[in-house]
Amino acid sequence: VQLQAYGGGLVKTGDSLRLSCAGSGRSFSTYTISWFRQPPGKEREFVAAITWSTGSTYYADSVKGRFTISRDNTKNTVYLQMNSLESEDTGVYYCAAERYGSGSSVRGQSEYDYWGQGTQVTVSS
């Protein structure tokens, strides 16, 4: 599957933004999709995931309650709704796919077979 992440931009603290991860291929529904981000000068980190089978969702503690991940398999797209954005949310956001991925492994970057190109999110105060 090929992934394309888009929707990033420059926003202010407290604003909202919705990222999209569009996938190609008819098997998109069999992939667990996750979002990772890489803040400036830091390592890439897990943000959120949604599983392929039950649609279970997982979040990093830093975004819980502010971000919501969802998917629309009819459109081969996963969304990341980001509310109450903070300067610490600044970074390049990547989506990643793991076929038949389970919830127990969503936080491990090495589990993912496919990655999108990344979209920049900048939150200014």
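Quick summary incoming for the structure in this document. (Residues numbered from 1 in each chain as written. Predicted model: local features only at pLDDT ≥ 70, side-chain atom pairs only at ≥ 80, totals over all residues. Heavy atoms only, no water.)

## Some remarks on the pairing of strand E8 (residues 77-82)
Consecutive side chains along a regular strand alternate between the two faces of the sheet.
Consideration 1: For E8, the buried fraction is high: five of the six residues fall into the buried class.
Consideration 2: Note that strand E3 (residues 17-23) and E8 share six bridges and pair antiparallel. Bridge pairing links Leu-17 to Met-82 in E8.
Consideration 3: Here strand E7 (residues 67-72) runs beside E8; their pairing, made up of six bridges, is antiparallel. Residue pairing across strands places Ser-70 opposite Tyr-79, the latter belonging to E8. (Buried < 20%, exposed > 50% of the residue type's maximum accessible area, 1.4 Å probe, protein only. Helix = DSSP H or I, 4+ residues; strand = E, 2+ residues; numbered from the N terminus. Pairing = 2+ DSSP bridges.)

## Considerations on the pairing of E3
Consideration 1: Within E3, five of the seven residues are buried, which leaves it mostly tucked inside the rest of the structure.
Consideration 2: With four bridges joining them, strand E1 (residues 3-6) and E3 adopt antiparallel strand pairing. Across the sheet, residue Ala-5 finds its bridge partner in E3, namely Cys-21.

## A short note on the nonpolar core
Consideration 1: One finds Trp-35, Leu-80, Met-82 and Tyr-93 to be the most contacted residues of the largest nonpolar core, which totals 34 residues.
Consideration 2: Contributing elements (two or more residues each) for this core: E1, E3, strand E4 (31-38), strand E5 (45-50), E7, E8, strand E9 (91-99) and strand E11 (119-124). (Core = buried A, V, L, I, M, F, W, Y, C linked by side-chain atoms within 4.5 Å.)

## Observations regarding the environment of Val-78
Consideration 1: Mapped onto the fold, Val-78 is located in strand E8.
Consideration 2: Since its relative accessible area comes to 0%, Val-78 is described here as buried.
Consideration 3: Residues Val-78 and Phe-28, spaced 50 residues apart in sequence, show a C-alpha to C-alpha distance of 10.0 Å.
Consideration 4: Discounting residues that sit within four places of it in the chain, Val-78 has contacts with Leu-19, Ser-20, Cys-21, Phe-28, Ile-33, Trp-35, Ile-50, Ile-69, Ser-70 and Arg-71. (Contact = heavy atoms within 4.5 Å.)

## Structural notes on the packing of aromatic side chains
Consideration 1: By the definition in use, this model includes six aromatic pairs.
Consideration 2: Between Phe-36 and Tyr-112, the aromatic rings sit 5.4 Å apart at their centres with planes inclined by 80°, giving edge-to-face as the arrangement. In this pair, Phe-36 sits in strand E4 while Tyr-112 sits in the loop between E9 and strand E10 (114-115), placing the two residues 76 residues apart along the sequence.
Consideration 3: What makes Phe-36 buried here is its relative accessible area of 0%.
Consideration 4: Residue classification places Tyr-112 among the buried positions, given a relative accessible area of 6%.
Consideration 5: With a centroid separation of 5.0 Å and 70° between ring planes, the pair formed by Trp-52 and Tyr-100 is classed as edge-to-face. In this pair, Trp-52 is assigned in the loop between E5 and strand E6 (57-59) and Tyr-100 in the loop between E9 and E10, connecting sequence segments 48 residues apart.
Consideration 6: Looking at Tyr-100, the relative accessible area reads 48%, which means it is partly exposed. (Phe/Tyr/Trp six-rings, centres within 6.5 Å; stacked < 30°, edge-to-face > 60°.)

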